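Inside the fold
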Amino acid sequence: MSSYRAAFDYPQHDRRTMDVSYSPARDPAGQIIGVLVLVLVLAHDVSDIVATNDALERSNAELRRANEGLEQFARMTSHDLREPLNTIVQFTGLIEREHAAELSAASSGYFYLVLAGAQRMRRMLDDLLEFVRLDHADAPLQPVALGPVLSEVCANLDARIAQRSAHIDLQPLPEVMGTDSLLSALFQNLVSNAIKFVPPERAPEVRIWSMPDADADADAAYVRVVVADNGIGIAALDQALLFQPFKRLNARRKFEGTGLGLAICYRVAVALGGAITIESAADTVGSRFVVRLRRSVVSPG
């Protein structure tokens, strides 16, 4: 059987695209019938499929261009805005240090608010750029040992851990499919939040462990990694908003942040072919974030 695709013009119809298959007719013994070869021809109208595929390719190309433009815009905006912010931070700090004796208590308070606002904007720019970059996180996935990733995350947060006298209970973790950078971004945000969203009178306790997926028979290729804390509970109605960008459920005066950390976690989990969920309640102590990831194909067990 041979085949080809061709376009045909019909007198009273638009041009149609056909997939044409043909082969010589054969008898039950497999011999070609007749002295003149009789050819069987089958034609399938695939015009709609071709048009749909062409439209899909155009849409994908437009989406890629839009994403690339968005990342370039975010990168340029972040760079252009960071320069004046750095100037504000630098000279505000300089005035505070060199003219502290000349400033009234109220003036010192105003300078503190200016400095805090500029630093918060700088963090927002960094988080926004990271959030946009996730659209292009198309590096090939490979087996990654989660243990070293979480150890590095804890080392990065060492100052914050010491400042809050936090205790991190890190259990043995498996290998999963991903990249070091994406997994680090995911778990650094989760561990950082687990330390941050704890009332000041309580020492943070963070426990990290893994467990088989809920349906081991159907989803043996997946594993669940749990990050549990003893912080504030989250009401069920608020949990749907947690993973949306710039959604803050707590006043900034209580807990500092940009509202992008969990949005980054969600996008990383999805980019790695997994998911992230939360188990918590407003009237309980602590939350459990459960990250579902693809188990490494070479990981034992």
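Scroll up for the structure.
For the structure given in this document, a descriptive report is provided here. (Residues numbered from 1 in each chain as written. Predicted model: local features only at pLDDT ≥ 70, side-chain atom pairs only at ≥ 80, totals over all residues. Heavy atoms only, no water.)

1. Some details on the overall build of the protein
Regarding its fold elements, the protein presents seven helices and 10 strands. For the protein, with 301 residues in total, the buried portion stands at 33%. Taking the contacts inside the protein whose residues are at least 6 apart along the sequence as the reference set, 63% of them involve residues at least 24 apart. About 18,300 Å² of surface is accessible on the protein, with carbon and sulfur atoms providing 55% of the total. (Helix = DSSP H or I, 4+ residues; strand = E, 2+ residues; numbered from the N terminus. Buried < 20%, exposed > 50% of the residue type's maximum accessible area, 1.4 Å probe, protein only. Contact = heavy atoms within 4.5 Å. Areas by Shrake-Rupley, 256 points an atom, 1.4 Å probe, with all protein chains shown as cover.)

2. Looking at the pattern of salt bridges
Under the defined criterion, the tally for this structure stands at two salt bridges. Across the pair Asp169 and Arg207 runs a salt bridge whose closest N-O atoms are separated by 3.7 Å. A residue pair is termed long-range when its members are at least 10 positions apart, and Asp169 in strand 5 (residues 167–170) and Arg207 in strand 7 (residues 205–212) qualify at 38 residues. Given a relative accessible area of 26%, Asp169 falls into the partly exposed group. (Salt bridge = Lys/Arg side-chain N within 4 Å of Asp/Glu carboxyl O.)

3. Some remarks on the sheet that holds strand 10 (residues 288–294)
Pairing is mixed in the open sheet, where five strands are placed in the order 5-7-8-10-9. Edge positions in the sheet fall to strand 5 and strand 9 (275–279), since each has one partner strand and no second. Neighbouring strand axes in the sheet, compared pairwise and without regard to direction, differ in orientation by 20° on average. Bridge analysis of strand 7 against strand 8 (residues 222–228) gives six bridges, and the strand direction is antiparallel. Across the sheet, Met211 pairs through a bridge with Arg224, a residue of strand 8. (Pairing = 2+ DSSP bridges. Axes fitted to C-alpha atoms, helices over the stretch in contact; angles between N-to-C directions.)

4. Observations regarding the packing of aromatic side chains
Overall, the coordinates contain zero aromatic pairs when judged by the stated rule. Over the face of the ring belonging to Trp209 we find Arg207, whose NZ or CZ atom lies 4.2 Å from the ring centre. It is Arg292 that lies over the ring of Tyr222; its NZ or CZ is 3.8 Å from the centre. (Phe/Tyr/Trp six-rings, centres within 6.5 Å; stacked < 30°, edge-to-face > 60°. Lys NZ or Arg CZ within 6 Å of the ring centre and 35° of its normal.)

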